Structure formats: structure tokens, C-alpha cells
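One letter stands for each residue in the lines below.
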Amino acid sequence: MISDIIVAVLVLSGSVLALTASIGVLRFPDTMTRMHAATKPQTFGLLLILVGAMIRLSGSVDFGMLVLSGLFALITAPVVAHRIGRLAYQEQRARDDLMRDGDMDSGASH
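Definitions and limits used
Residues numbered from 1 in each chain as written. Predicted model: local features only at pLDDT ≥ 70, side-chain atom pairs only at ≥ 80, totals over all residues. Heavy atoms only, no water. UniProt positions renumbered as here; feature names shortened; annotations may be inferred. Salt bridge = Lys/Arg side-chain N within 4 Å of Asp/Glu carboxyl O. Helix = DSSP H or I, 4+ residues; strand = E, 2+ residues; numbered from the N terminus. Expected span 1.5 Å × (residues − 1). Bend = angle between axes of the 7 residues up to and from the residue. Buried < 20%, exposed > 50% of the residue type's maximum accessible area, 1.4 Å probe, protein only. Contact = heavy atoms within 4.5 Å. Polar contact = N/O pair within 3.5 Å; in protein donor to acceptor, adjacent residues only side chain to side chain. Patch = residues over 30% accessible without salt bridge, like charges linked within 9 Å, V, L, I, M, F, W, Y side chains within 5 Å. Areas by Shrake-Rupley, 256 points an atom, 1.4 Å probe, with all protein chains shown as cover.

The chain has the name Na+/H+ antiporter subunit G in an unreviewed UniProt entry, where Williamsia phyllosphaerae is given as its organism. According to UniProt, the comment filed for the chain under the heading Sequence similarities (unreviewed entry) is "Belongs to the CPA3 antiporters (TC 2.A.63) subunit G family."

Next up, the structure:
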């Protein structure tokens, strides 16, 4: 009984966070704020939903898959956000004619 309430709270709060993340992606004006909305609350919302599912499915074979799904989300979200931010920065600098040829190289000396 108590575990069902905890699971319901986790799944509902995770769903609300994912919903607010999707609204933020639609409503925010620029790439950086959209990127933040798409990564931070969405990832936390997913983790809350996965924790709720882990509590509900404790002792099941699917528990390990839920853990892997959460780890995958935690590993990939920052990488994708960094890449999007870097591309947005490059595009803005290129439009403003402020970027030189080697400004965004990976640091390798030529």
C-alpha cells in the first residue's frame, strides 16, 4: 500500500517534469534555454519514473534494464547538450562574422 503511493508520487512527479521540459522546448526563445529545458528536467523526470518502476518491479528481471536505461540517460544527456551548445555557439559566431578559421578546433596544434 505505502509502496504504491510512493510509486504513484514518483511516476506522477517525473511525468510532470517531462511535461514541463517539453513545454519549455516549445516556449523558450533561443537554443541555449531550449537545450537546458530539454536536458535537465527531462532527464530528472525520466529518472523519477524509472525509480518508481524499479520499486514496483523489484525482484524482476527487468530491474537491470531499468538501471541501464537510467545510466544511459545520465551519460548521454550532458554529451548531447554540450554538442548542441557548441554548434549553436559556432552558428552565432559565424553569423556575426566574429569567428576565425581555427576558433572552434579541438585544441590540436597545426
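### Structural notes on the pattern of salt bridges
A side chain of one charge can pair with a side chain of the opposite charge when the charged atoms of the two come close. Going through the model one piece at a time under the given rule, you end up with one salt bridge. Across the pair Arg 56 and Asp 4 runs a salt bridge whose closest N-O atoms are separated by 2.9 Å. Placement of the pair is Arg 56 in helix α2 (residues 31-56) and Asp 4 in helix α1 (residues 2-27), with a sequence separation of 52 residues.

### Notes on the UniProt feature "transmembrane region" (unreviewed entry) in the chain
UniProt feature "transmembrane region" (unreviewed entry): in the numbering of this structure it lies at residues 6-26 and 63-85. Here residues 63-85 is 100% helix and 0% strand, with 34 Å between the C-alpha atoms at its ends.

### Description of α2
Three or four residues apart is the spacing at which side chains of an α-helix point the same way, because the helix has 3.6 residues per turn. In this model, α2 (26 residues) spans 37 Å end to end at C-alpha, consistent with the 38 Å of a helix rising 1.5 Å per residue. Residue Gln 42 marks the point of greatest curvature in α2, where the axis turns by about 25°. Every buried residue of α2 is accounted for by Met 35, Ala 37, Thr 39, Pro 41, Thr 43, Gly 45, Leu 48, Leu 50, Gly 52 and Met 54.

### Overview of the environment of Ala 37
Considering the arrangement of structural elements, one finds Ala 37 in helix α2. Separated by 10 residues in sequence, Ala 37 and Arg 27 have C-alpha atoms that sit 9.8 Å apart. When sequence neighbours within four positions are dropped, the list of residues in contact with Ala 37 reads Ala 21, Gly 24, Val 25, Phe 28 and Gln 42.

### Focus on α1
In this model α1 runs 37 Å from its N-terminal to its C-terminal C-alpha over 26 residues, within 8% of the 38 Å that 1.5 Å per residue would give. Taken together, the buried residues of α1 touch α2.

### Some words on the side chain of Thr 39
Here Thr 39 shows up in helix α2. The class of Thr 39 is buried, set by a relative accessible area of 11%. At a separation of 2.9 Å, a polar atom in the side chain of Thr 39 contacts the main-chain carbonyl oxygen of Met 35.

### Let's talk about a nonpolar patch on the surface
The grouping of Met 1, Ile 2, Ile 5, Ile 6, Val 9, Val 51 and Ile 55 at the surface amounts to a nonpolar patch, some 680 Å² of accessible area in total. For the nonpolar patch, the secondary-structure elements that each account for two or more residues are α1 and α2. Considering every element that reaches the nonpolar patch, the biggest residue donor is α1, with four residues. Mapped onto the secondary structure, Val 51 falls in helix α2.

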